[in-house]
Amino acid sequence: MDAIEVIGLTKRFGDTVAVNGINFSVKEGETFGFLGPNGAGKTTTIRMLTGMTRITSGRALIHGHDIVSDTRAAKQLMGIVAEISNVYDELSAWDNVVFAGRLYHLKRVDIQRNARDLLETFELYERRHDLAGSFSKGMKRRLTLAMGLVNRPKVLFLDEPTSGLDVQSRRIIRDVIQDLARKNVTVFLTTHDIEEANVTCDRVAIINRGVIAGIDAPEKLKQTIESLQSVEVSFDAVRPGVVEVLRALPQASGITKEGDKFRIYTADPPEILASLCALAQEQNLRPISITTRGPSLEEVFVRLTGLSIDTAKEEGETDAGLD
Amino acid sequence: MPGWIEEILYDLGAAWAIARKDMKIYYLKPSILVSSLLFPFVMFLAFAIGRDTTPEILLPGLLAITLLFSATSIGPVSIPIERRTKTFDRLLSAPISVRAIVLGASLSGAIFASAIGIVATAVGLIVLRIGIIHIVAFCAGIGLTSICFSTMGTLFASYRTENVGEVMSLLNLVRLPLLFISGVFIPIASMPAWGLSIARFSPLTYAHDLIRFAFDETTLFGPVTDVAVLVLTLIIFQVAGALLYQRSRE
Ligand SMILES: Nc1ncnc2c1ncn2[C@@H]1O[C@H](COP(=O)(O)OP(=O)(O)OP(=O)(O)O)[C@@H](O)[C@H]1O
Ligand SMILES: [Mg+2]
């Protein structure tokens, strides 16, 4: 039996279709990524899967329990970490975790033990008596994770767990996710960070405008991403014919001009850099800036779906391309 | 143990956890405690000075107002705030029923209002030199009135908004008229016939009647009717609350 099974899941807000008939399933112990730009429908999907918002149509099963008809059994199995760190600012870290545990009807001793273990794991135990309101953003995030894990869930939902956090907080959270995978806990996480999806997930679904564009192993995704790397270069003076010269570079797979910058797409940025330097010397051009860039999510999405960038941009004015 | 009993126990546990959380966050704050304790005395100064009423009439009226206001003071504020901070989502995603959420949200206000009511009574008894005749009716009056009106507050907060002001102005639209039609300021006996017909529809009328009975055995409807009406009101409010919260999920 799959840990999560989603069939034709749809959510409408008035005329807006936030999630449009998506299908996927996640195996037990798998770490599944939901990758998409702002407004893609990631949070809405999690809210439906966790029973926080009503499902317009379709079904969602958690270990075979339907979230609508068998709500309690389904909810009992899951832990939730919302997009916003929703901790009670006026309660201490300890009281926050204990309260979360009480909602799951755990025994007192279990709550206390889990609270201590989790606060230690997330490096908050020393600060357990401090009010959550006095915590930094990263600490609140870690506290939210501790609260989401207090019932030892079999399926954990994480809505952008590490976005906007520093290296230390990210590391702790990634370690915990890896550790959960070892314990056969299923993790469903959303992100708009391609790197994060690559590092943490076994499989990744790409969602845009409420529709899944593709589900693949990150390896496959990585190939797409690699072919979409680019080098951005600008020269001290604009000279006609430069585009043609750049296009002739053997490693370049495409080129665009944005303002005074040239963007050269390539699967091999280091090689292009070397050629660029040689070329600049030869043509007597002075590069004033050179940057290598990964693809935006939009570009990956476009590549996977075969839509052109222009149409995707026109359709998705809210979809800010994130690097 | 049958499944449904287990579910009820589960929900009661969760409701109690929610109530304790609310007490800690919202009620056990010095400023809230002080202002709530001062409220009945301010009311006393506002209504007793210069008026010609006996303590037996005055104290039940003051208690009814105090219970109404302290039971509805925090619930309608805390829920919109928790919607804004998204902590309310924690309750929606927990394996508990909406009934548990509504009960939990109402319980803390009820406990708080009862405590304030008891302190106010204790002071009133000493200052006004009167006594309680029916202690059971008194306890039932305080407890039922508190939980009824704190549930009413929770009911108002089911209106899906993150804006506290909206809920408060709606609530005042009901709270203030209640005072005037329930015999608290204007004795029902001195109202015209239509006044009595309206008063019959206000739960505060029965709450006031029951508390009054506890002090001097004066009653319009009799304590049994008062208790029955309050219990019925409580059930209706709780069920309506569960339905409204169920519906207010987007
Ligand atoms: N409560 C709501 N009422 C109306 N529309 C909503 C509501 N919640 C979400 N939407 C709409 O649904 C769409 C999907 O939003 P959602 O929050 O699921 O996106 P997301 O993928 O989580 O984006 P982000 O990366 O910004 O968190 C958006 O167009 C949004 O405007
Ligand atoms: Mg989101």
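See the structure printed just above.
Residues numbered from 1 in each chain as written. Chains lettered and ligands numbered in written order. Predicted model: local features only at pLDDT ≥ 70, side-chain atom pairs only at ≥ 80, totals over all residues. Heavy atoms only, no water.

Q: Just to check I follow, could you spell out the overall build of chain A for this structure?
A: Per the secondary structure count, chain A includes 12 helices and 14 strands. Projected onto the principal axes, the alpha-carbon positions of chain A cover approximately 75 × 45 × 35 Å. Buried positions account for 50% of the 323 residues belonging to chain A. The long-range fraction of contacts in chain A, counting pairs at least 24 apart against all pairs at least 6 apart in sequence, stands at 69%. Only carbon and sulfur atoms are counted for the fraction: they give 49% of the accessible area of chain A, which is about 14500 Å². In chain A, which carries 40 positive and 45 negative side-chain charges, the distance between the mean positions of the two groups comes to 6 Å. (Helix = DSSP H or I, 4+ residues; strand = E, 2+ residues; numbered from the N terminus. Buried < 20%, exposed > 50% of the residue type's maximum accessible area, 1.4 Å probe, protein only. Contact = heavy atoms within 4.5 Å. Areas by Shrake-Rupley, 256 points an atom, 1.4 Å probe, with all protein chains shown as cover. Lys, Arg positive; Asp, Glu negative; His and termini not counted. Charge placed at Lys NZ, Arg CZ, Asp CG, Glu CD.)

Q: Can you walk me through the pattern of salt bridges in this structure?
A: As a working rule, side chains carrying opposite charge can pair if their charged atoms are close by. As enumerated under the stated definition, the model contains 22 salt bridges over all chains in all. Here Asp95 of chain A ties to Lys24 of chain B by a salt bridge, and the two come within 3.0 Å at their closest N and O atoms. Here the residue Asp95 of chain A occupies a position in helix H3 (residues 93–102), and Lys24 of chain B occupies one in helix H1 (residues 3–27), the pair thus bridging two chains. Put simply, Glu82 of chain B and Lys21 of chain B hold a salt bridge, and the shortest N to O gap is 3.0 Å. (Salt bridge = Lys/Arg side-chain N within 4 Å of Asp/Glu carboxyl O.)

Q: Got a minute to help me understand the coordination of the magnesium ion (ligand 2) in this structure?
A: For a metal with four tetrahedral donors the ideal donor-metal-donor angle is 109.5 degrees, while six octahedral donors give ideal angles of 90 or 180 degrees. All names here are of chain A. Listed as protein donors to the magnesium ion (ligand 2) are Thr43 (OG1) and Glu83 (OE); their distances from the metal cover 1.9 to 2.4 Å. With Thr43 in helix H1 (residues 42–49) and Glu83 in the loop between strand S6 (78–81) and H3, this residue pair connects regions lying 40 residues apart in the sequence. Residue classification places Glu83 among the partly exposed positions, given a relative accessible area of 39%. (Donors = N, O, S within 2.8 Å, 3.2 Å for Na, K, Ca; no water.)

Q: Whenever I open this one, the packing of helix H5 (residues 137–149) of chain A against helix H6 (residues 167–182) of chain A confuses me. Can you help?
A: Helix-helix packing is characterised by the crossing angle of the two axes and by the distance between the axes. Residues and elements named next belong to chain A. Contact geometry for H5 and H6: axes closest at 9 Å, N-to-C directions at 15 degrees. Between H5 and H6, the angle is such that the two are roughly parallel. The two elements H5 and H6 cross, and the hand of that crossing is left-handed. Here Gly138, Arg141, Arg142, Leu145 and Leu149 of H5 lie close against H6, whose contacting residues are Gln168, Ser169, Ile172, Ile173, Val176 and Leu180. Of the residues contributing to the contact of H5 with H6, the split by class is 6 nonpolar, 3 polar and 2 charged. (Axes fitted to C-alpha atoms, helices over the stretch in contact; angles between N-to-C directions. Parallel < 35°, antiparallel > 145°, perpendicular 65-115°, else oblique. Left-handed = near helix turned anticlockwise from the far one by under 90°. Nonpolar A, V, L, I, M, F, W, Y, C, P; charged D, E, K, R; others polar.)

Q: Where do I start with the site of ligand 1 in this structure?
A: Taken together, 14 residues sit near ligand 1, with Gly39, Lys42, Thr43, Thr44 and Glu83 of chain A positioned nearest. The site occupied by ligand 1 is bordered by residues of chains A and B. In this structure, Ala40 of chain A approaches ligand 1 through a main-chain N or O atom, which is 3.1 Å from an oxygen atom. If ligand 1 stood free it would expose 640 Å²; the protein chains cover 65% of that surface. (Near = heavy atom within 4 Å. Polar contact = N/O pair within 3.5 Å; in protein donor to acceptor, adjacent residues only side chain to side chain.)

Q: Which parts of the structure should I look at to understand the sheet that holds strand S4 (residues 57–62) of chain A?
A: Residue and element names in this part refer to chain A. Read from one edge to the other, the open sheet built from 4 strands follows the order S2-S1-S4-S5, with strand pairing classed as antiparallel. With partners counted over all chains shown, the strands left at the sheet margins are strand S2 (16–26) and strand S5 (65–66), one partner each. In terms of strand pairing, strand S1 (residues 4–13) meets S4 through 5 bridges, oriented antiparallel. Bridge pairing in S4 links Ile7 to Arg59. (Pairing = 2+ DSSP bridges.)

Q: It is not clear to me how the pairing of S2 of chain A should be interpreted in this structure. Could you clarify?
A: A regular strand places its side chains on the two faces of the sheet in alternate fashion. Residue and element names in this part refer to chain A. Pairing geometry for S1 and S2, over 7 bridges, is antiparallel. Directly across from Ile4, in S2, lies its bridge partner Val26. The hairpin formed by S1 and S2 contains 2 residues between the paired strands, and Gly14 there has a positive phi angle of roughly 60 degrees.

Q: Sorry if this is basic, but what is going on with the side chain of Asp66 of chain A here?
A: All names here are of chain A. Tracing the backbone shows Asp66 in strand S5. Taking relative accessible area as the criterion, Asp66 reaches 10% and is therefore assigned buried. Within the structure, the side chain of Asp66 is placed 2.7 Å from the backbone nitrogen of Val68, a separation counted as a polar contact. Here Ser69 takes part through its backbone nitrogen, which lies 3.4 Å from a polar atom of the side chain of Asp66. Sequence-distant contacts of Asp66, that is, excluding residues within four places in its chain, are made with Arg59, Ala60, Leu61, Thr71 and Ala74.

Fair warning: the whole summary comes from geometry, so function is off the table for now.
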